[in-house]
2 protein chains.
Amino acid sequence: MNFCSNCGNPVQLTIPEDDDRKRFCCNHCGMIHYQNPRLVVGAIPEWQDRILLCRRDIEPQRGLWTLPAGYLENGESVEDGARRETREETKAEIIDLSPYFLADLVPINQLYLIFRCQLARPEFAITRESSELRLFREEEIPWDEIAFQVIRVTLQKYFSDRAAGTFPFRNEVVRIALNCPAEPAP
Amino acid sequence: MNFCSNCGNPVQLTIPEDDDRKRFCCNHCGMIHYQNPRLVVGAIPEWQDRILLCRRDIEPQRGLWTLPAGYLENGESVEDGARRETREETKAEIIDLSPYFLADLVPINQLYLIFRCQLARPEFAITRESSELRLFREEEIPWDEIAFQVIRVTLQKYFSDRAAGTFPFRNEVVRIALNCPAEPAP
């Protein structure tokens, strides 16, 4: 950030009064520009004993497999966001959403909220973002071709919880390697 | 938003290529400025059968009671954020955090993530933001003096779940009246 989005003058990185950390501040109009983590919403769409994965047709990690997920937009609920992202990436409709995993990606200021859910029908199709959609049984998951660490961790927890027969809500900091091929930018 | 924070030229509200909603776009440097919901993290600090509330000493809703809560900052986990906000508003330390309620405040692009937790010790003190701190039993809750609707709903759910003896993780859209006295701006 170089310029004030309100008045167009240069901003300074400085600690405002009554604050304890540096913010981008405009000395001209007085606006303080706060920067906060962004929330990504996603889904684990189930059909019987299988789950739906998408092969990415966009960078980063084009060609690798992921769950439908993307940034929550202003004006939508987290459930609506997960439904929209699933529709955009798979053309599938999901129902019975249940919040399952809140993954903290602290170094990149992202939070992933992943829902368990059901496919309304076993219908899906390729999209601009996905070159292939496929339902996978646990033993078929392409572990060596998963696009992002947070998706890998999500799937590991999911299958572990499924084996145990219970899906508690989980919140965890997911360690990511910042020098790895492009960690999530949904 | 009027100006590009990257290059300082005026922005236009228009739909970018491969997108389906209007964004603030800079025709000069090409940057697209996405705007997303912000996450507020908060706590229900328990001590035996009582919970800690803060009387606000800042606007909006100065003089009314609330739970410690505020915007999640870049570079911190949601748990760390809830601990920090509790410390800033009550000087209390909390332990054993458990995610409890994710409240969607869709019209104002905010999400509240509230943790249940324990006070490490029954020690707290007034701060710049709180003129009074007090442990309340359920029958002592000042329902007519709660600062925000989302806090009221959180407390109602909490006491209802406590009576039932179980605290499932909850996610819900909380209806707020936009013409009410200043809905949350933590």
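Residues numbered from 1 in each chain as written. Chains lettered and ligands numbered in written order. Predicted model: local features only at pLDDT ≥ 70, side-chain atom pairs only at ≥ 80, totals over all residues. Heavy atoms only, no water.

Condition: UniProt positions are given in the numbering used here, feature names are shortened, and annotations may be inferred rather than shown by experiment.
In the annotation of an unreviewed UniProt entry, the entry for chain A reads ADP-ribose pyrophosphatase YjhB, NUDIX family, and the organism field reads Desulfopila aestuarii DSM 18488. Database annotation for chain A, UniProt heading Cofactor (unreviewed entry): "Mg(2+)".

Structural notes on the sheet that holds strand S2 (residues 23-25) of chain B
We apply this condition: For two strands to be treated as a pair, DSSP must find no fewer than two bridges joining them. Working definition: helices are DSSP H or I runs of at least four residues, strands are E runs of at least two. Numbering for both runs from the N terminus.
Pairing is antiparallel in the open sheet, where 3 strands are placed in the order S1-S2-S3 (chain B). Pairing within the sheet leaves two strands with one partner each, and these edge strands are strand S1 (12-14) and strand S3 (32-33) of chain B.

A closer look at the side chain of Gln110(A)
For clarity, the threshold we go by: Side-chain atoms alone can form a polar contact between residues adjacent in sequence; in general such a contact is a pair of N or O atoms within 3.5 Å, and within protein one must be able to donate a hydrogen while the other accepts it.
Tracing the backbone shows Gln110(A) in strand S9 (residues 110-119). In this structure the side chain of Gln110(A) is engaged in a polar contact, spanning 2.9 Å, whose partner is the side chain of Tyr71(A).

Digging into the environment of Asp144(B)
Residues and elements named next belong to chain B. We count it as follows: Here's how the labels work: a residue is buried when its accessible area is under 20% of the maximum for its type, exposed when over 50%, partly exposed in between, all with a 1.4 Å probe on protein chains only.
Examined against the element boundaries, Asp 144 turns out to sit in the loop between strand S10 (130-136) and helix H2 (149-164). Under the relative-accessibility criterion, Asp 144 is labelled exposed at 77%. Along the primary structure Asp 144 and Gly 63 are separated by 81 residues, whereas in three dimensions their C-alpha atoms are 12 Å apart.

Details of the pattern of salt bridges
Put simply, the test is: Only one rule defines a salt bridge in this text: a Lys or Arg side-chain nitrogen within 4 Å of an Asp or Glu carboxyl oxygen.
The tally for this structure, following the rule as stated, stands at 44 salt bridges over all chains. Taking the shortest distance from any N to any O, the salt bridge between Glu145(A) and Arg55(A) comes out at 3.8 Å. Taken together, the positions of Glu145(A) in the loop between strand S10 (130-136) and helix H2 (149-164) and Arg55(A) in strand S5 (residues 50-56) put the pair 90 residues apart, joining distant regions of the chain. Overall, Arg55(A) belongs to the partly exposed group, its relative accessible area being 22%. Here the salt bridges do not stand alone but share partners, grouping Asp19(A), Asp20(A), Arg21(A), Arg23(A) and Glu73(B) into one network.

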